[in-house]
Amino acid sequence: MAARMVASRRLRDLLTRPLTASNHPGLSISLRLTGSSAKQEASGVALGEAPDHSYESLRVTSVQKHVLHVQLNRPNKRNAMNRVFWREMVECFNKISRDDDCRAVVISGAGKVFTAGIDLMDMASDIMQPRGDDVARISWYLRDLITRYQETFTVIEKCPKPVIAAVHGGCIGGGVDLVTACDIRYCAQDAFFQVKEVDIGLAADVGTLQRLPRVIGNQSLVNELAFTARKMMADEALSSGLVSRVFPDKEVMLDAALALAAEISSKSPVAVQGIKVNLLYSRDHSVAEGLNYMASWNMSMLQTQDLIKSVQAATEKKELKNVTFSKL
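The rules behind the values
- Residues numbered from 1 in each chain as written.
- Predicted model: local features only at pLDDT ≥ 70, side-chain atom pairs only at ≥ 80, totals over all residues.
- Heavy atoms only, no water.
- Core = buried A, V, L, I, M, F, W, Y, C linked by side-chain atoms within 4.5 Å.
- Buried < 20%, exposed > 50% of the residue type's maximum accessible area, 1.4 Å probe, protein only.
- Contact = heavy atoms within 4.5 Å.
- Helix = DSSP H or I, 4+ residues; strand = E, 2+ residues; numbered from the N terminus.
- Pairing = 2+ DSSP bridges.
- Right-handed = clockwise from strand over helix to strand, strands pointing away.
- Phe/Tyr/Trp six-rings, centres within 6.5 Å; stacked < 30°, edge-to-face > 60°.
- Axes fitted to C-alpha atoms, helices over the stretch in contact; angles between N-to-C directions.
- pLDDT = per-residue confidence, 0-100.
- Parallel < 35°, antiparallel > 145°, perpendicular 65-115°, else oblique.
- Left-handed = near helix turned anticlockwise from the far one by under 90°.
- Nonpolar A, V, L, I, M, F, W, Y, C, P; charged D, E, K, R; others polar.

Draft legend 1. Molecular detail of the nonpolar core. Ranked by size, the top nonpolar core spans 51 residues in total, and within it Phe93, Ile107, Ile156, Leu178 and Phe193 carry the most contacts. When sequence neighbours within four positions are dropped, the list of residues in contact with isoleucine 156 reads Met89, Phe93, Ile107, Val163, Leu178, Ala181, Cys182 and Lys276. Core analysis: the second largest hydrophobic core is formed by 18 residues, Tyr186, Met253, Leu260 and Val272 among them.

Draft legend 2. Highlighting the pairing of strand E2 (residues 67-72). Most of E2 is tucked away: six of the six residues are buried. Of the two faces of E2, the one carrying Val67, His69 and Gln71 and the one carrying Leu68, Val70 and Leu72 are both buried. Where strand E1 (residues 58-64) and E2 come together, six bridges link them in antiparallel fashion. What sits directly across from serine 62, in E2, is leucine 68. What sits between the antiparallel neighbours E1 and E2 is a turn of two residues, in which histidine 66 has the positive phi angle 75°. The pairing of E2 with strand E3 (residues 104-109) spans six bridges and is parallel. Across the sheet, the residue bridging to glutamine 71 is serine 108, located in E3. In this region the chain leaves E2, passes through helix H3 (residues 83-98) and returns to the parallel neighbour E3; the handedness of that crossover is right-handed.

Draft legend 3. Spatial organisation of the packing of aromatic side chains. In total, this model carries seven aromatic pairs according to the counting rule given. Here phenylalanine 85 and tryptophan 86 contribute two aromatic rings whose centre-to-centre distance is 5.7 Å and whose plane-to-plane angle is 80°, an arrangement assigned as edge-to-face. A relative accessible area of 3% places phenylalanine 85 in the buried class. Both rings, one in phenylalanine 85 and one in phenylalanine 153, keep their centres 6.3 Å apart while their planes meet at 50°; by these two values the pair is tilted. Of this pair, phenylalanine 85 sits in helix H3 while phenylalanine 153 sits in helix H5 (residues 135-158); the two residues are 68 residues apart in sequence, bridging distant segments of the chain.

Draft legend 4. Main features of the sheet that holds strand E9 (residues 245-247). An order of E1-E2-E3-E4-E6-E9 is seen for the six strands of this open sheet, with the pairing classed as mixed. Sheet topology places E1 and E9 at the edges, where each strand pairs with a single neighbour. Neighbour to neighbour, the strand axes of the sheet diverge by 20° on average, direction disregarded. As paired elements, strand E4 (residues 163-167) and strand E6 (residues 184-188) share four bridges and run parallel to each other. Residue valine 167 lies in a different strand from E6, and its bridge partner there is cysteine 187. Helix H10 (residues 250-265) contacts E1, E2, E3, E4, E6 and E9 of the sheet and is inclined by roughly 160° relative to E6.

Draft legend 5. Highlighting the confidence of the model for the chain. Within the chain, residue pLDDT values average 86, and 86% of them lie at 70 or more. Note that pLDDT drops below 50 for residues 1-7; the model gives that stretch six contacts with residues more than four away or on any other chain. Taken as a whole, residues 14-46 scores under 50 in pLDDT and shows 56 contacts with residues more than four places along the chain or in a different chain.

Draft legend 6. Molecular detail of the packing of helix H7 (residues 208-216) against helix H8 (residues 219-228). It is at 9 Å that the axes of H7 and H8 come closest, and there the two elements cross at 140°. It follows that H7 is oblique to H8 by the angle criterion. Seen along the crossing, H7 lies across H8 with a hand that is right-handed. On H8, the residues touching Leu209, Leu212, Pro213 and Ile216 of H7 are Gln219, Leu221, Val222, Leu225 and Ala226. Split into classes, the residues belonging to the contact of H7 with H8 amount to eight nonpolar, one polar and no charged.

Structure, rendered in structure tokens:
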């Protein structure tokens, strides 16, 4: 009880004066991982295979405490999305959602590009020769197939842990569906984004048309990209808001993405995961509904010990990375 009273007084004091890096250095956490760690990961050297994650199309590594790195791992096929991929992404992120030791995730692509999109050679029979005896039965089959493919990227959005996309080279077709379901997007200077589906005779149906307008807030630009399949290069992706930062190359970008994940993972998981849940809720609801949901959320979450620990760390000028938060 005494500790709570002291923490409450410190919280009041903290809120009545400016919080700056100079008077609270504990609030500033370096954005850099050790250079060797990031370079090893960028070059594909494992820092530790993540337990319970064994896949054909993905590679999951534990790059440091509380951070997982998910790589699209079909480099010889330009990370094209085959049947196995669509199933494994759901399995992977369902596991990550339940992993109370994971607090942030980075997604990248192995090899020369992020992804070439759907693997048409592997998927052609499902799309062009669907099962069914008549129009109704074929339609039911295709609807079920599409909704299962949609879940492949919706599962990223539903994952309570922040997910950072690190894009280099081409991010084509399904790649745009994937990254728009992520929370933060970084890219290398050689990256380009292409809503390619119109060129193969269909409308993108697993998330791009629903999420891209909300991400960049420019319906005219979205329409142009979707109707023409033209490439959006890295600088335009930055200026439009599709990505938040552009880096000279893949190695520097991946280093920054992993450092960002490390910083996020040092924060209270109650706070971070609550932020993600409420940002997504507010995106799809009115301001009044979002505020009401937030009040209901925080009436319980404000009682967390993480609040006291964070305030004490700030007043004692300790970095949050040195604070132990319980698993969530």
